Amino acid sequence: MSELQPPAFHVMAKPTGARCNLRCDYCFFLAKEDLYPGSDFRMSDEVMEAYVEQTVRAQQVPHATLAWQGGEPTLMGIDFFRRARAAEEGCVPPGMTVERTIQTNGVLLDDAWAAWLAENEYLVGLSIDGPREVHDAYRHDKAGNSVFDRVVAAARLLQRHGVEFNIMCTVNAANQDKPLDVYRFFRDELGARFIQFIPIVEVASPPTISTPGIVTERSVVSEAYGSFLNAIFDEWVLHDVGEMFVQTFDGVLAAYLRGYSSLCIFRPTCGDGVALAHNGDVYSCDHFVDPEYLLGNVLETPIGELVRSDRQRAFGSAKQESLPAYCRQCEYLFACNGECPKNRILLTPEGEPGLNWLCSGLKAFFAHTEPRMRQLASILERGGEASEIMTMLAEEARTTGRNDPCPCGSGLKFKRCCGAER
Ligand code: SF4
Ligand code: SF4
């Protein structure tokens, strides 16, 4: 066994496998149906109970997360989740907290679901890509029809029932140039407080040792991804700190505070979050559900043993070991760590493989946000509230002339930098 044993780990359970009631164009998981030909893609109670019990018991911290994802997990029906909730009884030791999460497209949610999710304190991830015109670009049902109204109705339903929900928004070719429309829609029209942005990087042609990979036209353009995050960051840091939570911003801020991020994509190593298929098979990561990364099955080997196996530890450290020199010398390595290996399809300027498709956008984001991230980190380090930065920035705007150098240290005039939006 490796010495890198995670005391806590995360399992993303997929009770319907790849099966889904929608047909989003960019979904990488639908093709995974081919891994299990002839399967009914329904998790048995035996696998479900093994997942719940083993995940809870194997944590070496007083906290466990039970996460359900897809495909579309609500296709299992609410009774399956009632039984999963019952399976927790008897295996959660005193003093341990259990967080329950479910990621859904929202289409099947109704009052009964919402009431039950509220009662059992689920955190619901709702997939929506922004206002109607951009949401409808790639997300639709099997017949190609819009599901926008049903997803918005699901958000309202969850709000009515007091269910905590976060928005999972992919960033793709259709919404990459509309950052503020997207962000303000979530904030002002849906009343969301938690947002997760997931860049779409769909590989059309994989890289070779000497040629870069090619992505589909739906994929986000790297520079556009950086500008998208920057525009939202500027809005957030002026108006919404402490009210709105953008996972990418929190993940990077953690790196300034602690030296490492809270998000796997920005951490030096992988390996602490596995994917569980409907039949109990465990894979190294949700993005590596392939036979090559099959670790075993929960009906044969406890999940904690699989996560802590040498094979999974090697998967985790490969992220760091495969970093190109270009990343190793990057000033933002501490916050980025080359991002997710699945997106490393480019060659560096020196011709070394393994550079991330998102590199130029991420670099622009790290550079743009660095002064404010440092300010936020120093506020938190002295025990203040992150929201204090908004007062500081308002004061800064009051006392800085439009033609003065921007106080953020960018070297630009204030009116062309942080003062541009005010
Ligand atoms: S492969 Fe990507 S998504 Fe999976 S654990 Fe590593 S960084 Fe995270
Ligand atoms: S910003 Fe680019 S060069 Fe720097 S660590 Fe990230 S991917 Fe590598």
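Structural data are supplied above this passage.
In short, a report on the structure. (Residues numbered from 1 in each chain as written. Chains lettered and ligands numbered in written order. Predicted model: local features only at pLDDT ≥ 70, side-chain atom pairs only at ≥ 80, totals over all residues. Heavy atoms only, no water.)

Quick notes on the pattern of salt bridges
Next, step 1: Inspection of the entire model under this criterion finds 18 salt bridges.
Next, step 2: Note that Arg372 is salt-bridged to Glu396, the shortest N-O span being 2.8 Å. Of this pair, Arg372 sits in helix H13 (residues 359–381) while Glu396 sits in helix H14 (residues 388–399), placing them 24 residues apart in sequence. Pair check on accessibility: Arg372 and Glu396 agree, each one buried. (Salt bridge = Lys/Arg side-chain N within 4 Å of Asp/Glu carboxyl O. Helix = DSSP H or I, 4+ residues; strand = E, 2+ residues; numbered from the N terminus. Buried < 20%, exposed > 50% of the residue type's maximum accessible area, 1.4 Å probe, protein only.)

Some words on H13
Next, step 1: The terminal C-alpha atoms of H13 lie 29 Å apart, and with 23 residues this falls more than 12% below the ideal 33 Å at 1.5 Å per residue.
Next, step 2: Taking the largest bend as the criterion, H13 deviates by roughly 55 degrees, centred on Glu370, and proline Pro371 comes between one and four positions later.
Next, step 3: Positioned one or two residues after H13, Gly383 has a phi angle of 90 degrees, which is positive. (Expected span 1.5 Å × (residues − 1). Bend = angle between axes of the 7 residues up to and from the residue.)

Some points on the site of ligand 1
Next, step 1: Contacts to ligand 1 come from Cys264, Ile265, Cys270, Cys285, His287, Phe288, Lys319, Cys340 and Pro341.
Next, step 2: Across the shell around ligand 1, the residue classes tally to seven nonpolar, one polar and one charged. (Near = heavy atom within 4 Å. Nonpolar A, V, L, I, M, F, W, Y, C, P; charged D, E, K, R; others polar.)

Thoughts on the packing of helix H8 (residues 247–258) against H13
Next, step 1: Where H8 meets H13, the axes come as close as 9 Å, and the angle between the chain directions of the two elements is 65 degrees. At the point where H8 passes H13, the crossing takes the right-handed sense. Note on element contacts: H13 touches H8 through Phe365, Phe366, Glu370, Met373, Arg374, Leu376, Ala377, Leu380 and Glu381, opposite Thr248, Phe249, Val252, Leu253, Tyr256 and Leu257. (Axes fitted to C-alpha atoms, helices over the stretch in contact; angles between N-to-C directions. Left-handed = near helix turned anticlockwise from the far one by under 90°. Contact = heavy atoms within 4.5 Å.)

Some points on the packing of aromatic side chains
Next, step 1: Tallied over the full model, the rule gives 22 aromatic pairs.
Next, step 2: Considering the side-chain rings of Tyr293 and Phe315, the 5.6 Å spacing of their centres and the 70 degrees angle between planes classify their relative orientation as edge-to-face. Highlighted residues: Tyr293 in the loop between strand E11 (281–283) and strand E12 (294–297) and Phe315 in helix H10 (residues 310–321), separated in sequence by 22 residues.
Next, step 3: Overall, Phe315 belongs to the buried group, its relative accessible area being 13%. (Phe/Tyr/Trp six-rings, centres within 6.5 Å; stacked < 30°, edge-to-face > 60°.)

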